[in-house]
Amino acid sequence: MAGPQAYPLNSLEQTEDLKAFERRLMEYVASLGPSTGRCRIILIVVSVCTATGAWGWLLDPRTSQVSFLQSLWNHPFFTLSCIVLVGLFLAGIHKRVVAPSIIAQRCRTVLADYNMSCDDTGKLILKPRPANT
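Residues numbered from 1 in each chain as written. Predicted model: local features only at pLDDT ≥ 70, side-chain atom pairs only at ≥ 80, totals over all residues. Heavy atoms only, no water.

Enquirer: Even after reading the chapter, I still don't get the overall build of the chain, so can you show me in this structure?
Expert: Looking only at helices and strands, the chain features four helices and two strands. For the chain, the N- to C-terminal ordering of α and β elements is α-α-α-α-β-β. For the chain, whose C-alpha radius of gyration is 25 Å, the value lies well above the compact-globule estimate of 14 Å for 133 residues. For the chain, the spread of C-alpha atoms along the three principal axes comes to 80 × 35 × 30 Å. For the chain, the accessible area works out to roughly 10,000 Å², and carbon and sulfur atoms hold 66% of it. Here the chain contributes 13 positive and 9 negative side-chain charges, whose respective centroids are spaced 7 Å apart. (Helix = DSSP H or I, 4+ residues; strand = E, 2+ residues; numbered from the N terminus. Rg over C-alpha atoms; globule rule 2.2 N^0.38 Å. Areas by Shrake-Rupley, 256 points an atom, 1.4 Å probe, with all protein chains shown as cover. Lys, Arg positive; Asp, Glu negative; His and termini not counted. Charge placed at Lys NZ, Arg CZ, Asp CG, Glu CD.)

Structure (structure tokens):
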């Protein structure tokens with residue numbers, strides 16, 4: 001089997017390969033956008049509901065007079081919001097929210113070996129070649 005240097009690519013083939021890679025990377029990052037946006041909205045709404053419920057729970061004078069479980073039972077909005085928030089985190093919503101930036105960062109790590117990088121949308125950034133010293 002021939003190694004990678006057995007069939008060297010000419011400049012035009014390299015350019016086409018880079019363009020194809022860039023298109024595919026941008027397409028993949030863009031495809032994550034809608035689900036990431038939905039997950040961010042869901043996470044924000046549930047977080048605001050939990051904070052609002054916590055505010056009411058903490059301001060209730062009966063909270064300090066009854067047991068913890070009775071206090072949660074008296075504030076079903078807060079209790080349900082907390083359960084939903086914990087469930088979302090256990091389901092991995094935090095990973096879905098940051099997925100595009102994780103993909104871009106991992107690509108930057110790999111592309112650094114080739115004097116390249118990429119922005120958050122997946123567009124390639126060619127860096128100048130290091131000077132031979």
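Enquirer: Explain the packing of aromatic side chains here, please?
Expert: Aromatic rings in a pair are described by how distant their centres are and how their planes are angled relative to each other. As enumerated under the stated definition, the model contains two aromatic pairs in all. Aromatic side chains Trp-57 and Phe-68 sit 6.2 Å apart centroid to centroid with 75° between the ring planes, which places their arrangement in the edge-to-face category. Linking Trp-57 in helix α1 (residues 11–59) with Phe-68 in helix α2 (residues 68–74), this pair joins segments that are 11 residues apart in sequence. Residue classification places Trp-57 among the buried residues on the basis of a relative accessible area of 14%. A ring pair is formed by Trp-57 and Phe-78, whose centres lie 4.9 Å apart and whose planes are at 15°; its orientation type is stacked. Of this pair, Trp-57 sits in helix α1 while Phe-78 is found in helix α3 (residues 76–90), placing the two residues 21 residues apart along the sequence. (Phe/Tyr/Trp six-rings, centres within 6.5 Å; stacked < 30°, edge-to-face > 60°. Buried < 20%, exposed > 50% of the residue type's maximum accessible area, 1.4 Å probe, protein only.)

Enquirer: Is there a simple way to explain the UniProt feature "transmembrane region" (unreviewed entry) in the chain in this structure?
Expert: Feature annotation in UniProt assigns "transmembrane region" (unreviewed entry) to the following positions: residues 41–58 and 78–98. Helix and strand shares over residues 78–98 are 90% and 0% respectively, and the end C-alpha atoms of the span are 26 Å apart. (UniProt positions renumbered as here; feature names shortened; annotations may be inferred.)

Enquirer: Any chance you could explain the pattern of salt bridges here in plain terms?
Expert: Pairs may arise between side chains of opposite charge once their charged atoms sit close together. Tallied over the full model, the rule gives four salt bridges. The closest approach of N and O atoms between Arg-24 and Glu-27, which form a salt bridge, is 2.8 Å. Taken together, the positions of Arg-24 and Glu-27, both in helix α1 and three residues apart, correspond to about one turn of that helix. Among the salt bridges present, the one from Asp-120 reaches Arg-108, with a minimum N-O distance of 2.6 Å. Within this pair, whereas Asp-120 is found in the loop between β1 (116–118) and β2 (124–126), its partner Arg-108 is found in helix α4 (residues 93–111), the two being separated by 12 residues in sequence. On the accessibility criterion, Asp-120 (51% relative accessible area) is exposed. (Salt bridge = Lys/Arg side-chain N within 4 Å of Asp/Glu carboxyl O.)

Enquirer: How do you make sense of α1 when you look at a structure like this?
Expert: Each full turn of the α-helix corresponds to 3.6 residues, which orients residues three or four apart in the same direction. Here α1 contains 49 residues, and its C-alpha end-to-end distance of 69 Å stays within 8% of the 72 Å for a straight helix at 1.5 Å per residue. Along α1, the largest kink reaches about 30° and is centred on Pro-34. For α1, the full list of buried residues reads Glu-22, Leu-25, Val-29, Leu-32, Thr-36, Cys-39, Leu-43, Val-46, Thr-50, Gly-53, Ala-54 and Trp-57. Considering only its buried residues, α1 is in contact with α2, α3, α4, β1 and β2. (Expected span 1.5 Å × (residues − 1). Bend = angle between axes of the 7 residues up to and from the residue. Contact = heavy atoms within 4.5 Å.)

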